[in-house]
Amino acid sequence: LTAWIGGDDVAEARRIFNDNRIPVFEYPEDAIRTYLYMYNYARNLEMLYETPEESPIIAANKNHIKAMIHRSLKKGITSLNTEDVARFLSTYGIPFPAQEVVTDANGAVEAAVRLGFPVVVKIASPDTIHKSDIGGVVVDVRSAQEVKEAYDRILTTVKEHHPDVRIDGVIVQKMVPHHDYELIIGCKKDPACGPIIMFGMGGIEAEFFKDIAAGLPPLNQVLARRIIEQTRIYQMLAHGFRTKPAVDLHNLDDILVKVSNMIVDFPEIKEMDINPLVITGNAVTSLDARIILDDNIAGSDGREYRHLIITPYPSRHIQPWTCKDGRQVLLRPVKPDDELLEKKLFEGLPPYAMRYRFMHVIKEINHDMLTRFCNIDYDREMAIIAEYVDPSGEHRNVGTGTLAIPVGSDSAEFAVVVAKDFENAGLALKLCDMIIGIAQEKQLKSVYGTVLSENTRALGLAKRLGCTLQKISSDETRIVLEL
């Protein structure tokens, strides 16, 4: 990047550089600023395609939550009460302290005895965002008498200074007596980008420090960590500070991914925040949370995840299958963390199979290539892999079927490759059938592929599927299946 200073005196120099496609700027500051934009863009792409750690696919038992949300919206309730929020978070494995909602002082005492002292007593109201701001929280309550006093003080203060606030009762919650860090995780719908997940420094000073970073769901472990790393508090979390120890960041990654799963599963969530999310040692606990529902959810337009700007992992396509020889495989969409499985599959292909799939033999299977196969937009692409666990316990990818839809097209290209020891197991036919079904689901009109004319096995499979064969050249044949 060059900078020519001098106005009209160096106009000819700038012209020569422009004609030779060399970036030229009038001032060094502009060149430096452009360089930083380029650096950040390249770094963001690199982080996006970084291979995440292996993570299991876990589906939450969410149907009872859907029923609860349906009941609330039907009654015109858009702010979930404390008990429903706790049930929501617990369903997704987000830790929440034991608590009870009570409506009288004696009930508060009984709840505190059951939970065990010390406890926190706080207002239960759908209208309050920051309970401490309205005098609605008393912490470190250690006796029955203190519980009664806290109950009376909270109700008196809130009713006196905030008479319009709706009060459902008082929450008695098991107290976490000590914690090292207070964090916040939130979500809010943006008109253009859909739900946006926020992470940062929490507690009562969260709005003052505004140390937050944002990301788009769905998140995996790598994307969750990238959000955490963008905050100032990350250095404290990763390395500790004075008497505060470093934390296991994997626990925070896990919480962010679970929140992301909530947002993916429930388009009805308009706003959500967990504040504070406290860390004690390596234990992460959400002490308070709120969820606001969107009462303007439109009817389905045929897309399950229409509220997201990024299509999440399509777990509906996961299915076990038995090969003709009795071996069991798991057919599922590819994930970003399948790089190693894909690499071993391609590296294990004999030269003829490599040439049949890619039209030439690829000598180096590198990260950039694997990124293209494993990090896909499930809305416009699909790749189904066949995962097999051999007798030694090693996980292998023994076959892959892909579908790629050009932008604006109603036709897509498909291809299939299987490992040598699975060539006669019926796996290629099964992968083709799954890819055809996905193409039909996406309402495409046809699928096509290019096959080397010497690949008689693939041509025979194409005829079996009902494809038409079109000779492109003496070496290549185009196969087309009308849907």
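The notes below deal with the structure included here. (Residues numbered from 1 in each chain as written. Predicted model: local features only at pLDDT ≥ 70, side-chain atom pairs only at ≥ 80, totals over all residues. Heavy atoms only, no water.)

1. Some remarks on the overall build of the chain
- Scanning the chain for helices and strands turns up 15 helices and 20 strands.
- Viewed in the frame of its principal axes, the chain has a C-alpha envelope of about 90 × 75 × 45 Å.
- Classification of the 483 residues of the chain by burial places 46% in the buried group.
- At a minimum sequence separation of 6, the contacts of the chain that also span at least 24 residues come to 61%.
- Total accessible area on the chain is roughly 25,400 Å²; 52% of this is exposed by carbon and sulfur atoms.
- Side chains of the chain carry 55 positive and 68 negative charges; the gap between the two charge centres is 5 Å. (Helix = DSSP H or I, 4+ residues; strand = E, 2+ residues; numbered from the N terminus. Buried < 20%, exposed > 50% of the residue type's maximum accessible area, 1.4 Å probe, protein only. Contact = heavy atoms within 4.5 Å. Areas by Shrake-Rupley, 256 points an atom, 1.4 Å probe, with all protein chains shown as cover. Lys, Arg positive; Asp, Glu negative; His and termini not counted. Charge placed at Lys NZ, Arg CZ, Asp CG, Glu CD.)

2. Observations concerning the packing of helix H5 (residues 105-115) against helix H6 (residues 144-161)
- Their axes nearest at 9 Å, the elements H5 and H6 cross at an angle of 135°. Viewed along their axes, H5 and H6 adopt a mutual orientation that is oblique. As H5 runs across H6, the sense of the crossing is right-handed. Side by side, H5 and H6 meet where Ala105, Asn106, Ala108, Val109 and Ala112 of the first sit next to Ala144, Val147, Lys148 and Tyr151 of the second.
- Counted by class, the contact of H5 with H6 contains seven nonpolar, one polar and one charged residues. (Axes fitted to C-alpha atoms, helices over the stretch in contact; angles between N-to-C directions. Parallel < 35°, antiparallel > 145°, perpendicular 65-115°, else oblique. Left-handed = near helix turned anticlockwise from the far one by under 90°. Nonpolar A, V, L, I, M, F, W, Y, C, P; charged D, E, K, R; others polar.)

3. Section: the sheet that holds strand E4 (residues 119-124)
- With respect to topology, four strands assemble into an open sheet ordered E3-E6-E4-E5, the strand pairing being antiparallel. Each having just a single partner strand, strand E3 (99-102) and strand E5 (137-141) make up the two edges of the open sheet. Strand-to-strand twist in this sheet, taken as the mean axis angle between neighbours without regard to direction, amounts to 20°.
- Across four bridges, E3 lies against strand E6 (residues 169-174) in antiparallel orientation. Paired with Val102 across the bridge in E6 is Val170. (Pairing = 2+ DSSP bridges.)

4. Here's the deal with the packing of aromatic side chains
- For the structure shown, the criterion picks out ten aromatic pairs.
- Centroid distance Tyr388 to Phe422: 5.2 Å. Interplanar angle 65°. Geometry classified as edge-to-face. Here the residue Tyr388 occupies a position in strand E15 (residues 381-389), and Phe422 occupies one in the loop between strand E17 (411-418) and helix H14 (427-441), the gap between them amounting to 34 residues. Each of the two residues, Tyr388 as well as Phe422, counts as buried.
- An aromatic cluster of at least three residues, connected via ring pairs, comprises Phe88, Tyr92 and Phe266. (Phe/Tyr/Trp six-rings, centres within 6.5 Å; stacked < 30°, edge-to-face > 60°.)

5. Some points on the state of the cysteines
- Scanning the entire structure with this criterion turns up zero disulfides.
- This cysteine, Cys187, is not joined by any disulfide, and Cys193 carries the nearest cysteine sulfur, 12 Å off.
- A relative accessible area of 5% means that Cys187 is categorised as buried.
- For Cys323, which is in no disulfide, the shortest distance to another cysteine sulfur is to Cys432 and amounts to 14 Å. (Disulfide = S-S within 2.5 Å.)

6. Side note on a nonpolar patch on the surface
- A surface patch of nonpolar side chains, amounting to about 630 Å² of accessible area, comprises Leu1, Ile32, Tyr35, Leu36, Met38 and Tyr39.
- Within the fold, Tyr39 resides in helix H2 (residues 28-48).
- Its relative accessible area of 45% is what places Tyr39 among the partly exposed residues. (Patch = residues over 30% accessible without salt bridge, like charges linked within 9 Å, V, L, I, M, F, W, Y side chains within 5 Å. Salt bridge = Lys/Arg side-chain N within 4 Å of Asp/Glu carboxyl O.)

7. As for the nonpolar core
- Residues Val329, Leu331, Phe346, Leu403 and Leu427 are the most contacted members of the largest nonpolar core, which totals 55 residues.
- Each residue touching Leu403, except ones within four places of it in the same chain, is listed here: Arg380, Glu381, Met382, Ala412, Glu413, Phe414, Ile435, Ile438, Ala439, Leu444 and Val447.
- Formed by 44 residues, the second largest nonpolar core is a distinct cluster that contains Ile65, Ile94, Phe266 and Leu277. (Core = buried A, V, L, I, M, F, W, Y, C linked by side-chain atoms within 4.5 Å.)

8. Observations concerning the pairing of strand E11 (residues 283-286)
- Relative to E11, strand E10 (residues 269-280) is paired through four bridges, and the arrangement is antiparallel. Pairing of Leu277 across the sheet is with Ser286, part of E11.
- Counting the residues between successive antiparallel strands, the hairpin from E10 to E11 contains two residues, one of them, Gly281, with a positive phi of roughly 65°.

9. Things to note about the sheet that holds strand E16 (residues 395-404)
- One open sheet holds the eight strands; their spatial order is E13-E14-E15-E16-E17-E18-E20-E19, and the pairing between them is mixed. Looking at which strands have only one partner, the edges of the open sheet turn out to be strand E13 (319-322) and strand E19 (468-471). For this sheet, the mean angle separating the axes of adjacent strands, direction not counted, is 25°.
- Note that E16 and E17 share six bridges and pair antiparallel. Residue Thr400 lies in a different strand from E17, and its bridge partner there is Val417.
- Helix H15 (residues 456-465) contacts strand E18 (446-452), E19 and strand E20 (476-482) of the sheet and is inclined by roughly 20° relative to E20.

10. Side note on the side chain of Glu381
- Within the secondary structure, Glu381 sits in strand E15.
- Glu381 sits in the buried class, given a relative accessible area of 16%.
- Among the polar contacts made by the side chain of Glu381, one reaches the side chain of Arg372 at a distance of 2.9 Å.
- The contacts of Glu381, once residues within four sequence positions are left out, are Arg372, Ile376 and Leu403. (Polar contact = N/O pair within 3.5 Å; in protein donor to acceptor, adjacent residues only side chain to side chain.)

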